[in-house]
Amino acid sequence: MSRVYLTRPLPDRVLARARDLFDEVEVREETAPLKIGQMRAALALYDGVLPTLGDMFSAEVFLDTENPRCKVLANFGVGYNHIDVRAARAAGVMVTNTPGAVTDATADIAMTLILMSARRAGEGERLVRAGKWEGWHPTQMLGMHVSGKTVGIIGMGRIGQAIAQRCHMGFGMDVVYYNRSEKELAFPATRADSLQSLAEQADIVVVAVPGGAETHHMIGADLFAAMKPTAHFVNIARGDVVNEVALIAALQVGRIAGAGLDVYEHEPEVPNALRSMENVTLLPHLGTAALEVREAMGMMAVDNLYAALHGETPPNLVN
Ligand code: NAP
């Protein structure tokens, strides 16, 4: 008898597959993150849980949870910095994620933000909607031409590489990157030995490292100070990788030309200072928001649940 808990509504195909595979599938209909008591109850009552972004399975949740019924947290998403993997492991709970399924869609959102920021698309759209557009003229709303520029990618993993490939193959950009380890890449790219050096070279800086303790506030005032004043900053990774106060300060004094953000430090709260600047493009964490992608993520998470509950090593175990 297998009993699983899905902490959010998921696409129909994913629900159908879960119902095929498990004896009992409970779907929580709310879309807000779980509260601590709900997470503890989930660990006690189900064999497997499929959580997602916002469900903060911190060490505190696992405190006093000896031998929980739950054997696996099959996270819906590649980023799992909301789960304390070490505490889960100590409580005998496996953690899995959904790498790969999200790569192209998230890289596409990075491209959307690069283009929107550089070409002032959000500002232009607001102008037209406000009925304030007075017609085309040769010096109207001039942005930055992206073709042939240099993109600096921070975190050259799956998503970083997909962004770099799009920038290089599609827009003829040179690629500079900063990464923890050396990478074998299928396209020309130069590894920067510091964030400072990357910032000095790039016309567009894109953040693609995972969130978590190691990368918390990895990007701050120093990086913005080293960027060209004409450069744009894009974050599709996790909000807390960037010191948002420092980003706002850099934008407010014109230290950098613009920013495109999909993620925020205190999501879903977006500071008024960001919302009020015309040169900032703001998306509501749309990286993987396409039906096929959410289906693929769900299928992966369900496969991980199934393997874990059948005595196999889940394909995407992270601990
Ligand atoms: P990945 O393949 O694991 O790539 C992460 C890269 O970051 C790796 O190359 C890693 O280096 C590098 N890295 C990690 N810590 C570092 C550090 N301290 N300094 C320098 N480089 C570091 O992950 P991915 O699939 O590309 O996903 C990246 C992140 O994107 C996810 O963790 C998630 O948070 C975020 N994401 C956001 C959305 C969205 O909706 N906006 C969607 C999907 C994913 P090594 O090569 O040395 O391991």
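Just so we're clear, the structure is a prediction, and the values are computed from it rather than from any experiment. (Residues numbered from 1 in each chain as written. Predicted model: local features only at pLDDT ≥ 70, side-chain atom pairs only at ≥ 80, totals over all residues. Heavy atoms only, no water.)

As for the layout of surface pockets
Considered as a void within the structure, the second largest pocket measures approximately 190 Å³ in volume. Lining the second largest pocket, in full, are Arg-119, Arg-120, Ala-121, Gly-124, Trp-136, His-137, Pro-138, Gln-140, Met-141, Leu-142 and Gly-143. (1 Å grid on protein atoms, 1.4 Å probe; cavity = no way out; pocket = protein on both sides within 12 Å on 5 of 7 lines; lining within 4 Å. Points joined across faces, edges and corners; volume = space filled by probe spheres on them.)

Quick word on empty space enclosed by the protein
Applying the stated criterion across every chain, the model contains one cavity of 30 Å³ or more. Here the largest cavity defines a volume of roughly 40 Å³. Residue assignment for the lining of the largest cavity shows that the elements contributing at least two residues are strand E10 (232-235) and helix H10 (244-252). Residue composition of the lining of the largest cavity, by class: six nonpolar, two polar and two charged. (Helix = DSSP H or I, 4+ residues; strand = E, 2+ residues; numbered from the N terminus. Nonpolar A, V, L, I, M, F, W, Y, C, P; charged D, E, K, R; others polar.)

Some thoughts on the nonpolar core
Of all hydrophobic cores here, the largest spans 48 residues; its most connected members are Ile-153, Ile-163, Val-206 and Ile-236. Counting residues per element, this core draws most heavily on helix H5 (residues 103-118), which supplies eight residues. For Ile-163, the residues in contact, after removing those within four places along its chain, are Ala-107, Ala-110, Met-111, Ile-153, Val-206, Ala-208 and Ile-236. (Core = buried A, V, L, I, M, F, W, Y, C linked by side-chain atoms within 4.5 Å. Buried < 20%, exposed > 50% of the residue type's maximum accessible area, 1.4 Å probe, protein only. Contact = heavy atoms within 4.5 Å.)

Quick word on the UniProt feature "domain: D-isomer specific 2-hydroxyacid dehydrogenase NAD-binding" (unreviewed entry) in the protein
In this numbering, the UniProt entry assigns the feature "domain: D-isomer specific 2-hydroxyacid dehydrogenase NAD-binding" (unreviewed entry) to residues 111-287. Helix and strand shares over residues 111-287 are 32% and 15% respectively, and the end C-alpha atoms of the span are 11 Å apart. (UniProt positions renumbered as here; feature names shortened; annotations may be inferred.)

Describing the UniProt feature "domain: D-isomer specific 2-hydroxyacid dehydrogenase catalytic" (unreviewed entry) in the protein
Residues given the UniProt feature "domain: D-isomer specific 2-hydroxyacid dehydrogenase catalytic" (unreviewed entry) here are residues 7-319. Annotated as 36% helix and 13% strand, the span residues 7-319 places its first and last C-alpha atoms 21 Å apart.

A few points about the sheet that holds strand E6 (residues 150-154)
Across the sheet, which stays open at both edges, the seven strands sit in the order E8-E7-E6-E9-E10-E11-E12 with parallel pairing between neighbours. The open sheet has two edge strands with one neighbour each: strand E8 (190-191) and strand E12 (280-282). With four bridges connecting them, E10 and strand E11 (residues 258-261) associate as parallel partners. Residue pairing across strands places Asn-235 opposite Leu-261, the latter belonging to E11. Its contacts with the sheet place H5 against strand E9 (204-207), E10, E11 and E12, and it is angled at close to 155° to E10. (Pairing = 2+ DSSP bridges. Axes fitted to C-alpha atoms, helices over the stretch in contact; angles between N-to-C directions.)

What to know about the packing of aromatic side chains
How two aromatic rings sit relative to each other is given by the distance of their centres and the angle of their planes. Within this structure, the stated rule accounts for four aromatic pairs. Ring centres 5.1 Å apart and planes at 80° place the aromatic pair Phe-224 and Phe-233 in the edge-to-face group. (Phe/Tyr/Trp six-rings, centres within 6.5 Å; stacked < 30°, edge-to-face > 60°.)

Quick notes on the environment of Glu-182
By the secondary structure assignment, Glu-182 is in the loop between strand E7 (174-178) and E8. Along the chain, Glu-182 and Gly-92 lie 90 residues apart, while their C-alpha atoms are 33 Å from each other. Look past the residues within four positions of Glu-182 in its chain and what remains in contact with it is Tyr-177 and Arg-191. A polar contact of 3.1 Å, which involves the side chain of Glu-182, links it to the side chain of Arg-191. (Polar contact = N/O pair within 3.5 Å; in protein donor to acceptor, adjacent residues only side chain to side chain.)

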